[in-house]
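# Structural description and commentary
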Amino acid sequence: MTKAVKDDRAGLRTLVALIEIQGGLVGLWAFLRDLAQTGFAVPLTLLPGVLFIGLVLVASVVAGVALWQDHRLGTTLSVPVQLAQVIWFVSADLTFRLSASGWLLADLFLRAPSEGGLVLGWQFDAARKSSYALSLAPREDFTLGLNLIALAILIWLGFRLRRLLPLGRGPGTGR
């Protein structure tokens, strides 16, 4: 393999590591600040979601550090971290959004306004920081979104895992 290809792969790994570390740290900072301000006002029904968000933000930092150091744990832990972020929704009963993708937000979404019809849209924000939303507040519109940054990272992780997994040939593999 040429040195340029190796450097390119290390560059992508470093970029994903930085996105996960920065996104996780900024998200965790905001999450802990919000929790300190409203900790006792969180409805008991949202407690599993609150714990899930906190766990994903911590895992994002751990995965990013492991990726930075090129440990396999970074790749395998990044998969569930990104899966938790790839789909978001706003509904009549529950809103869930988790985005620890650093300084960039890129989404496709499908919205069903209360007055009828469907709206296909997109949003791009290059100045955004990590964010999360978990709410039981009623909404009139239903929105289902796809986080394109998390999806792109998942695709890259799939290629990376494919290279890391044994091919099933050689001694002890049954072939």
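Residues numbered from 1 in each chain as written. Predicted model: local features only at pLDDT ≥ 70, side-chain atom pairs only at ≥ 80, totals over all residues. Heavy atoms only, no water.

## Description of the side chain of Arg 97
Just so we agree on the cut-off: Each helix is a run of DSSP H or I of at least 4 residues and each strand a run of E of at least 2, with the numbering of both proceeding from the N terminus. Under the rule applied, a polar contact is a pair of N or O atoms within 3.5 Å (in protein, one hydrogen donor and one hydrogen acceptor; residues adjacent in sequence only if both atoms are side-chain atoms). Should any heavy atoms of two residues lie within 4.5 Å, those residues are counted as being in contact.
By the element assignment, Arg 97 lies in strand E2 (residues 95-99). A distance of 2.8 Å separates the side chain of Arg 97 from the side chain of Asp 107, its partner in a polar contact. Non-local contacts of Arg 97, meaning those with residues more than four positions away in its chain, are made with Trp 88, Leu 105, Asp 107, Gln 123, Ser 131, Tyr 132, Ala 133 and Asn 147.

## Quick look at the pairing of strand E1 (residues 87-90)
Operational definition: Only protein chains enter the accessibility calculation, which uses a 1.4 Å probe; a residue is then buried when its area is under 20% of its type maximum, exposed when over 50%, and partly exposed in between. Note on pairing: two strands pair once DSSP finds at least 2 bridges between them.
Taking every second residue as pointing to the same face, the buried face of E1 carries Trp 88 and Val 90, while none of Ile 87 and Phe 89 on the other face is buried. Taken together, the four bridges between E1 and strand E6 (residues 142-147) define a ladder with antiparallel strand orientation. Paired with Val 90 across the two strands is Thr 143, which belongs to E6. Pairing of E1 with E2 involves two bridges; the strand directions are antiparallel. What sits directly across from Val 90, in E2, is Thr 95. Between the antiparallel neighbours E1 and E2 lie four residues.

## Overview of helix H4 (residues 148-164)
What counts here: Here the expected length of a helix is defined as 1.5 Å per residue gap, with one fewer gap than residues.
Its 17 residues place the ends of H4 24 Å apart at the C-alpha level, agreeing with the 24 Å of an ideal helix rising 1.5 Å per residue. Within H4, the full set of buried residues consists of Ile 149, Ala 150, Ile 153, Leu 154, Trp 156, Leu 157, Arg 160 and Leu 161. You can read the cap of H4 off the contacts: a side-chain oxygen lies 3.0 Å from the backbone nitrogen of Ile 149, and it is on Asn 147.

## Thoughts on the packing of helix H3 (residues 72-86) against H4
Let me state the cut-off plainly: Geometry is summarised by axes, namely lines fitted to C-alpha atoms with helices restricted to the contacting stretch, and by angles between N-to-C directions that run from 0 to 180 degrees. Orientation labels follow simple angle bins: below 35 degrees gives roughly parallel, above 145 gives roughly antiparallel, 65 to 115 gives roughly perpendicular, and whatever is left gives oblique. Left-handed describes a crossing whose near helix is turned anticlockwise from the far helix through less than a right angle; right-handed describes the clockwise counterpart. Charged residues are taken to be Asp, Glu, Lys and Arg, nonpolar residues to be Ala, Val, Leu, Ile, Met, Phe, Trp, Tyr, Cys and Pro, and polar residues to be all remaining types, Gly included.
Remark: H3 packs on H4, axes separated minimally by 9 Å, with the N-to-C direction vectors making an angle of 150 degrees. Classed by the angle they form, the pair H3 and H4 counts as roughly antiparallel. As for how H3 packs across H4, the hand of that crossing is left-handed. Contacts from Arg 72, Thr 75, Thr 76, Ser 78, Val 79, Gln 82, Leu 83, Gln 85 and Val 86 of H3 reach H4 at Ala 150, Leu 151, Ile 153, Leu 154, Leu 157, Arg 160, Leu 161 and Leu 164. Across the contact of H3 with H4, the residue classes break down as ten nonpolar, five polar and two charged.

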